[in-house]
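Report on the structure
Chain by chain, the residues run as shown.
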Amino acid sequence: MGDEPVNVKEYQEMAKQALPKMYYDYFAGGSEDQHTLRENNDAFQRIIIQPRILVDVSKINMSTTILGYKTSAPIMIAPTAMHKLAHPGGEILTAKAAAACDVIMGLSFMSTCTIEEVASSCNAVRFFQLYVYKRREISALMVKRAEINGFKAILLTADTPKLGRREADIKNKMIAPQLKNFEGLVSTEVDDSEGSNLEAFASRSLDPSFSWKDIAWLKSITKLPILIKGVLTREDAIKAVEIGVEGIIVSNHGARQLDYVPATIAVLEEVVGAVQGRIPVLFDGGIRRGTDVFKALALGAHAVMIGRPIVYGLAAKGEYGVRRVIEMLKDELELTMALAGCPTLNDITRNHVRTQMDNHHCRL
Ligand SMILES: Cc1cc2nc3c(=O)[nH]c(=O)nc-3n(C[C@H](O)[C@H](O)[C@H](O)COP(=O)(O)O)c2cc1C
Ligand SMILES: CCCCC(=O)C(=O)O
């Protein structure tokens, strides 16, 4: 069977073969010039690992907790929208793969399976990603439903007051399906022959006035811990700590929002430095290898989230594909830890990587 991918990148190729162009472009694409999309990957390649030798690595332990919830590895599924466009089984299959691999799943506010369907499909630990709509009562209702259905945290996406300009979707006249979660509440079907229907829907629905002061509103409607997703600067990291959320996620939305923002791995250390261990810092953007996970951990991330590769696994091979993507990343991380002389996650330190900043100070 020559078609069994040996790494995550090969799943992208399989997904491309499997999907209609409109959907593949939606999943794979970034915004405008896609500068940040390339940077999210390229910046990882500029970081070098500095291994230690002659360490007993006969046992490698990757397990940890995120907000107190056990996970087999510091790897989570990032919330990505509309999994039924990748596979008819949708987010239910993704959740089952998360449960099988014992990792935590982020469910998108824009999921195609309902909150209840995903919750009842398996016992994966799940966090719920939130967008705030102009009709705020709809967002509040979704938070309530997530809470009732056993989701453990809210991931508040803060980098999307408006949708980034994704030119492939505009050209393809990307069609967003009706989302069952919102049935009877809001139509996600927009008849806009001019361009991306998702963009048209987003500009009608998302509340661009939502700001720091409104975090108090979110806290008032839920007891769940809140993580702010989309932090890219020291300033915003400090604000997040001060406002009293339980965590932050360094993310540029997979380079789908503002183009020419830095690669997330390039700002991780700055954010971690500002937070000073007061709350956990999660990370996403461009992780395609176990070595990438290792680099993010060395630069201070508590755990990482995986976006597109999960969708590619789903598109190529359904639940099995998602499982394989997670397993491959876990296996690669385990091997990286062994070869770098780090039997536990705590053994991974800043000195295990060298960035271009470090090179700048190097005299050679
Ligand atoms: C197809 C797609 C859909 C996404 N949908 C959402 C979403 O609904 N909510 C959200 O907060 N982030 C969304 N994201 C961003 C991811 O949560 C994550 O930040 C990003 O994909 C990480 O980068 P990676 O794809 O390089 O791993 C989406 C990303 C992609 C690729
Ligand atoms: C209205 C948001 C659409 C989903 C999303 O976040 C994405 O496509 O990146």
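Scroll up for the structure.
Computed from a predicted model, the values in this text were never measured in an experiment. (Residues numbered from 1 in each chain as written. Chains lettered and ligands numbered in written order. Predicted model: local features only at pLDDT ≥ 70, side-chain atom pairs only at ≥ 80, totals over all residues. Heavy atoms only, no water.)

1. What to know about the overall build of the protein
Within the protein one finds 14 helices and twelve strands. Taken against the 2.2 N^0.38 rule, which gives 21 Å for 364 residues, the C-alpha radius of gyration of the protein at 20 Å falls within 12% of a compact globule. C-alpha extents for the protein along the principal axes are approximately 60 × 55 × 40 Å. In the protein, buried positions account for 56% of the 364 residues. Here the protein displays about 15700 Å² of accessible surface, and carbon together with sulfur accounts for 52% of that area. Treating the 43 positive side-chain charges of the protein as one cloud and the 43 negative ones as another, the clouds have centres 2 Å apart. (Helix = DSSP H or I, 4+ residues; strand = E, 2+ residues; numbered from the N terminus. Rg over C-alpha atoms; globule rule 2.2 N^0.38 Å. Buried < 20%, exposed > 50% of the residue type's maximum accessible area, 1.4 Å probe, protein only. Areas by Shrake-Rupley, 256 points an atom, 1.4 Å probe, with all protein chains shown as cover. Lys, Arg positive; Asp, Glu negative; His and termini not counted. Charge placed at Lys NZ, Arg CZ, Asp CG, Glu CD.)

2. Some words on the pairing of strand S11 (residues 303-306)
With burial as the criterion, each face of S11 is covered, one bearing Ala303 and Met305 and the other bearing Val304 and Ile306. Inspection of the sheet shows strand S4 (residues 75-77) paired to S11 by three bridges, in the parallel sense. What sits directly across from isoleucine 75, in S11, is valine 304. Of the pairings in the sheet, the one linking strand S10 (residues 281-284) to S11 comprises three bridges and is parallel in character. Within the sheet, the bridge partner assigned to leucine 282 lies in S11 and is alanine 303. As for the winding sense of the linkage, the β-α-β connection from S10 through helix H12 (residues 290-298) to S11 is right-handed. (Pairing = 2+ DSSP bridges. Right-handed = clockwise from strand over helix to strand, strands pointing away.)

3. Let's talk about the pattern of salt bridges
Within this structure, the stated rule accounts for 17 salt bridges. As a salt-bridge pair, lysine 144 and glutamate 147 come within 3.8 Å of each other at their nearest N and O atoms. Taken together, the residues span about one helical turn, with lysine 144 and glutamate 147 both in helix H6 (residues 136-148) at a distance of three residues. We classify glutamate 147 as partly exposed; its relative accessible area is 25%. The network of salt bridges with shared partners includes Glu4, Lys317, Arg324 and Glu327. (Salt bridge = Lys/Arg side-chain N within 4 Å of Asp/Glu carboxyl O.)

4. A look at the site of ligand 2
Lining the immediate surroundings of ligand 2 are Tyr26, Ala81, Met110, Tyr131, Leu163, Arg166, Leu198, His253 and Arg256. Within the side chain of tyrosine 131, a nitrogen or oxygen atom sits 2.5 Å from an oxygen atom of ligand 2. Here an oxygen atom of ligand 2 sits 2.8 Å away from a polar atom, N or O, in the side chain of histidine 253. Contact with the protein chains covers 94% of the free accessible surface of ligand 2, which is 290 Å². For ligand 2, the cavity whose grid points lie within 2 Å of the majority of its atoms is the largest cavity. (Near = heavy atom within 4 Å. Polar contact = N/O pair within 3.5 Å; in protein donor to acceptor, adjacent residues only side chain to side chain. 1 Å grid on protein atoms, 1.4 Å probe; cavity = no way out; pocket = protein on both sides within 12 Å on 5 of 7 lines; lining within 4 Å. Sits in = over half its atoms within 2 Å of the grid points.)

5. Observations regarding helix H1 (residues 8-18)
Residues three or four positions apart in an α-helix share a direction because the helix packs 3.6 residues into each turn. Along H1, the residues that are buried comprise Val8, Tyr11 and Ala15. The buried residues of H1 occupy one face: seen down the axis, they fall within an arc of 45°. Among the structural elements, helix H2 (21-28) and helix H13 (308-340) are those in contact with the buried residues of H1. The backbone nitrogen of lysine 9 lies 3.1 Å from a side-chain oxygen of the residue at the head of H1, namely asparagine 7. (Arc of directions from axis to C-beta. Contact = heavy atoms within 4.5 Å.)

6. Let's talk about unusual backbone geometry
Comment: phi is negative for the bulk of residues other than glycine, and the bulk of peptide bonds are trans. Positive phi is not limited to glycine here, since methionine 82 has a value of about 55°. Residue placement: methionine 82 occurs in the loop between S4 and helix H4 (90-101). Phi at histidine 253 is positive, roughly 60°, even though this residue is not glycine. The topology assignment puts histidine 253 in the loop between strand S9 (247-250) and helix H11 (264-275).

7. Section: the packing of aromatic side chains
Throughout the structure, instances matching the rule amount to twelve aromatic pairs. Measuring from ring centre to ring centre gives 6.0 Å for phenylalanine 44 and phenylalanine 283, while their planes differ by 90°; the resulting arrangement is edge-to-face. Residue phenylalanine 44 is found in helix H3 (residues 35-45), and its partner phenylalanine 283 is found in strand S10; the two are separated by 239 residues along the sequence. The rings of Phe109, Phe128, Tyr131, Tyr133, Phe151, Phe182 and Phe201 are connected pair by pair, giving a single aromatic cluster. Arginine 126 extends its terminal NZ or CZ atom over the ring of phenylalanine 151, reaching a point 4.5 Å from the ring centre. (Phe/Tyr/Trp six-rings, centres within 6.5 Å; stacked < 30°, edge-to-face > 60°. Lys NZ or Arg CZ within 6 Å of the ring centre and 35° of its normal.)

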